[in-house]
Amino acid sequence: MFKCLLAVLLMLINVSNQSDGFTNNRVNMNNEEIVTNNTVFNSNKYTQVENESNKDTNELVKIEEDFSFVCKDDNLELYINVKTLELRIRNIKTGYVWGSSFNTANEKLNKTWKSRVSSALWLTYYHKTKTKDEIKDDIISKVTVKIENNGFKAHCTFLESKIELDMNLSLKNGKINVSIPNDSIVESESNRISTLKVYPFFGACKATETENFLDGYTLIPDGSGALIRYRPTSQINKSTYTKSIYGNDYAFIKDSESNTIYNDSTISIPLIGFVHGVDKNASYVSVNDGDLYSRIISYEAGKLIDFYWTSFEFVYRVQYQRKTSKSTSVLFTQLEKNKFDIDICYSILSGKESNYVGIANSYGKELEFKNIDNKKSNIPIHVEYLNSEIEKRIIFDKSIPMTTTKQNIEITNDLLNNGINNISLGIRGFANKGYTASAPYYKNFNFKTGWNRGYKNLINYCKQQDINLFFNVDFQKGYKASRGFSKMRDLALMANSEEISGASYDFPYSYLSPDKSLKIFKNNLNFFNKNGMNSLCFESIADIIYSSYDSNNMIYLPNAKEYYKEMLNSVEYSSSFGTNKYVYDSVNELYNGPLYSSQVKMFTDTVPFVSLVLKNKINLFSGFINDFSSLKLETLRLIDYNIYPSVILTHKSSIDLMDTPSRKIVSSKYSAIKDSLIETYNYINDALKYVMNDSVIERKILASGVVKNTYSNHKVIYINYLNEPITYDGITIDAMSYKVGDAL
């Protein structure tokens, strides 16, 4: 009775969520001018119309007399101040000058801030006293520079801490690389490095209460991507932003996983972009090495100084709490610094490439990927079957069958017969204990859903149909209800010696040390190979990476990355949930592609930056479309963002999941959602099938809620998020719909 009542309630909630919640606004059209007063589309949940004014030159950044010419190539000229290592980069094509600093002579800055702006490096360090470690700031006081043919090498000494390090800079093929070798850092016992910012004021621009001195924005790859447009300080909150690349390291920050619906967006690409005049001049700063220990910090103008500035900050040490009793704890400073080299690349763009689309396309060309095969005429869809789940019982937990292997084949056949012929399949819950509690033991098949014969038939069927069949596994977690790992020797530890742990509702787990994850995976590999399971989905490797601070077995983030990549490369086809850059060259597919940024106050726009980087390189799929709160709007966003659909299916009703960790799945029964699924797929396919193998070369916001995407094959897709039809380029796009056309 309780399950029935709960099911009815969830159905009512789901119906309510399908309502778009937007008022019915009139759209006035005058030739190509479209006006809407819908504030939702003017929010940072969407991309905004570009400012057409001509503030596209940073007057405070010039090549002054204290800068010396160093070198040039066909694209750039490089100048430095040999006393401070301040940088000036002149784009030969446009004459535009980029700088690591700006002229502070007439700015309202005290001596400390003027010194920070002119210093190439800005660090924080822990100063040891008799009672505690004090955190302090420091800048360069002395440099020794050796000019070379394509750049320079410098030895830097800091003012107060006396910390020393080497910094190397080179210009090659229109890009500037800055490196700081870890081995060059010299500390003292009383002064130990904490963080380091490299050229923190590169791309900075001024704004006052009444005026922004430059039109443009800073690009941050938060979630799908976000922009911070430059505006007068009277129009902003004067906020700050700090977020780690790839998320927090659980060894220092307690796992904050919860059962709430909202998941905070992460930064999955180590890049910052600067646009100074849209379609005029742009640059981006990307991290090639040191990204695992980096974070992005950003300040709006007026918060500390009258400038927008955004920078990478590299973390060598942090402080953490260690319990001394049940009620008390002591603050400890990380003793040994994180060991990594810093390698940063500065890229300069101009003209039509000078926007977030151009940055995405340029950066995507620099990266390595596995080859993808999109030779079919229709877009792919990822169909994930939940075959079994586990239910908590007083004495013995119970495996709940939801879909058998026979039903997997029947449903897939039905999809094929209905014209959906480009399918990627995923199976979660194939092991004996069901989906949630099996990890990390996968040496058997679930008896209730098919056992050995059933799964063998499913594997053979998929081979005959040329369908990639991914079996979902998780070797980062060890559930207390599972086996196949040592609860004494294989667990990851925080720096304070506590286990890194979490829970999926009633089922607790501990995170496994990354090296043990690889070992346990190899122990399961024989079972996978024996059964022809050549495609695996490693659940969260592309989303979560952490270190382990077991004093007898220290595993650092670079070690963890290599262990995980070895796992991904050990099978013919691999996939994962998440979009972290360190897996790009090792996976064929990625799931749960981000559709939104975290929408913090200082963001003005959400943009599809991550999906633009991955376009044509990795098949990127959405979260499950049967989980979408507003199917119509989010389907349009998939088309706008070039992300393929994904769905989770079961044969049985999701009512049977109410007492399991998968209770958040509201509607997954195939027979109930079949028609909607086929209709939604065809709707997306009828747009994206024309541009599967083509790049986006322009994304233009015609008005709030109206988008025009132009592709390299000269196809154009108009997306109208509004409640009224609009006409543009002589083409009418229905309300909350799209239209495919050819570029004029």
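Parameters at a glance
Residues numbered from 1 in each chain as written. Predicted model: local features only at pLDDT ≥ 70, side-chain atom pairs only at ≥ 80, totals over all residues. Heavy atoms only, no water. Pairing = 2+ DSSP bridges. Helix = DSSP H or I, 4+ residues; strand = E, 2+ residues; numbered from the N terminus. Axes fitted to C-alpha atoms, helices over the stretch in contact; angles between N-to-C directions. Contact = heavy atoms within 4.5 Å. Parallel < 35°, antiparallel > 145°, perpendicular 65-115°, else oblique. Phe/Tyr/Trp six-rings, centres within 6.5 Å; stacked < 30°, edge-to-face > 60°. Lys NZ or Arg CZ within 6 Å of the ring centre and 35° of its normal. pLDDT = per-residue confidence, 0-100. Expected span 1.5 Å × (residues − 1). Buried < 20%, exposed > 50% of the residue type's maximum accessible area, 1.4 Å probe, protein only. Arc of directions from axis to C-beta. Salt bridge = Lys/Arg side-chain N within 4 Å of Asp/Glu carboxyl O. Polar contact = N/O pair within 3.5 Å; in protein donor to acceptor, adjacent residues only side chain to side chain. Patch = residues over 30% accessible without salt bridge, like charges linked within 9 Å, V, L, I, M, F, W, Y side chains within 5 Å. Areas by Shrake-Rupley, 256 points an atom, 1.4 Å probe, with all protein chains shown as cover.

Enquirer: Just to check I follow, could you spell out the sheet that holds strand 45 (residues 737-742) for this structure?
Expert: What links the strands of a sheet is backbone hydrogen bonding, and the strands pair in either a parallel or an antiparallel sense. Spatial ordering of the open sheet is given by 40-41-42-45, a layout of 4 strands whose pairing is antiparallel. Each edge of the sheet is formed by a strand with only one pairing partner; in this case those strands are strand 40 (696-703) and strand 45. The average undirected angle you get between the axes of adjacent strands in this sheet is 15°. Of the strand pairs in this sheet, strand 41 (residues 706-711) and strand 42 (residues 715-720) are connected by 5 bridges, and their pairing is antiparallel. In the strand pairing of strand 42, N709 is matched with I717. In the packing of helix 9 (residues 631-641) onto the sheet, the strands contacted are strand 40, strand 41, strand 42 and strand 45, and the crossing angle to strand 42 comes to about 155°. Helix 10 (residues 670-688) contacts strand 41, strand 42 and strand 45 of the sheet and is inclined by roughly 25° relative to strand 45.

Enquirer: Sorry if this is basic, but what is going on with the packing of helix 4 (residues 405-417) against helix 5 (residues 451-464) here?
Expert: Each pair of packed helices gets described by two things: the angle between the helix axes and the distance between those axes. Their axes nearest at 8 Å, the elements helix 4 and helix 5 cross at an angle of 20°. With respect to their mutual orientation, helix 4 and helix 5 come out roughly parallel. Contacts between helix 4 and helix 5 involve T405, N408, I409, T412, N413 and L416 from the former and G454, Y455, N457, L458 and Y461 from the latter.

Enquirer: What am I meant to see in the packing of aromatic side chains here?
Expert: Any aromatic ring pair is given by two values, namely how distant the centres are and how the planes are angled relative to each other. Tallied over the entire structure, the rule returns 54 aromatic pairs. Seen in terms of ring centroids, Y591 and F621 are 5.8 Å apart; in terms of plane orientation they differ by 45°. Their pairing is tilted. Placement of Y591 in strand 36 (residues 589-591) and of F621 in strand 38 (residues 619-624) is noted, with a sequence separation of 30 residues between them. Directly above the ring of Y441 sits R483, whose terminal nitrogen or CZ lies 4.1 Å from the centroid.

Enquirer: Mind showing me how you'd approach the confidence of the model for the protein chain here?
Expert: Should pLDDT be low for a region, the predicted coordinates there are not to be read in detail. Predicted confidence across the protein chain gives a mean pLDDT of 92, with 93% of residues reaching 70 or more. For the stretch residues 1-35, pLDDT sits under 50, and the model shows 55 contacts to residues farther than four places along the chain or on other chains. Across residues 255-263, confidence stays below pLDDT 50; counting only partners more than four residues off in sequence or on other chains, it has 15 contacts.

Enquirer: Can you walk me through the environment of K323 in this structure?
Expert: By the element assignment, K323 lies in strand 21 (residues 319-323). Sequence spacing of K323 and F430 is 107 residues, and the spatial spacing of their C-alpha atoms is 41 Å.

Enquirer: Before we go on, may I ask you to explain unusual backbone geometry in this structure?
Expert: Outside of glycine, negative phi angles account for most residues, and trans bonds account for most peptide bonds. P440 follows A439 through a cis peptide bond whose omega is 5°. Mapped onto the secondary structure, P440 falls in the loop between strand 27 (423-428) and helix 5. Phi is positive for Q599, which is not a glycine, with a value near 55°. Within the element layout of this structure, Q599 appears in the loop between strand 36 and strand 37 (605-606).

Enquirer: I'm lost on helix 5 in this one. Help?
Expert: For an α-helix, the turn length of 3.6 residues means that residues three or four places apart are oriented alike. Relative to the 20 Å expected for 14 residues at 1.5 Å per residue, helix 5 spans 20 Å between its end C-alpha atoms, a close match to the ideal helical length. Within the span of helix 5, buried status applies to G454, Y455, L458, I459, Y461 and C462. The buried side chains of helix 5 occupy one side of the element, clustering within an arc of 160° when seen end-on. Exposed and oriented more than 90 degrees from the buried face of helix 5 are R453, K456, K463 and Q464.

Enquirer: Is there a simple way to think about the pattern of salt bridges in this case?
Expert: Once their charged atoms are close, side chains differing in charge can pair, the charge on each being opposite to the other. Going through the model one piece at a time under the given rule, you end up with 28 salt bridges. Linking K522 and E566 is a salt bridge whose minimum nitrogen-to-oxygen distance equals 3.1 Å. Of the two residues, K522 is situated in helix 6 (residues 514-530) and E566 in helix 7 (residues 557-568); the sequence distance between them amounts to 44 residues. Among the charged side chains, a salt-bridge network with shared partners connects E50, R229 and D605.

Enquirer: I'm lost on the environment of Y582 in this one. Help?
Expert: Its place among the elements puts Y582 in the loop between strand 35 (573-577) and strand 36. Spatially, the C-alpha atom of Y582 lies 8.7 Å from that of I269, the residues being 313 residues apart in sequence. Among all residues touching Y582, those that are not within four sequence positions of it are Y246, L292, I541, A542, D543, I544, I545, K561 and K565. At 2.8 Å, the side chain of Y582 and the backbone oxygen of I541 are in polar contact.

Enquirer: In this structure, what is going on with a nonpolar patch on the surface? I would like to understand it.
Expert: Together, I394, I395 and F396 give the surface a local cluster of nonpolar side chains, amounting to about 470 Å² of exposed area. Structurally, the position occupied by I395 is in the loop between strand 25 (388-391) and strand 26 (398-401).

Enquirer: Which parts of the structure should I look at to understand the pairing of strand 31 (residues 507-511)?
Expert: Both faces of the sheet carry side chains from a regular strand, because those side chains alternate between them. Across the 5 residues of strand 31, 4 count as buried, placing the element largely inside the fold. For strand 29 (residues 477-479) and strand 31, the ladder comprises 3 bridges, and the chain directions are antiparallel. Of the residues in strand 31, the one forming a bridge with G478 is S510. As paired strands, strand 30 (residues 501-504) and strand 31 are joined by 4 bridges and run antiparallel to one another.

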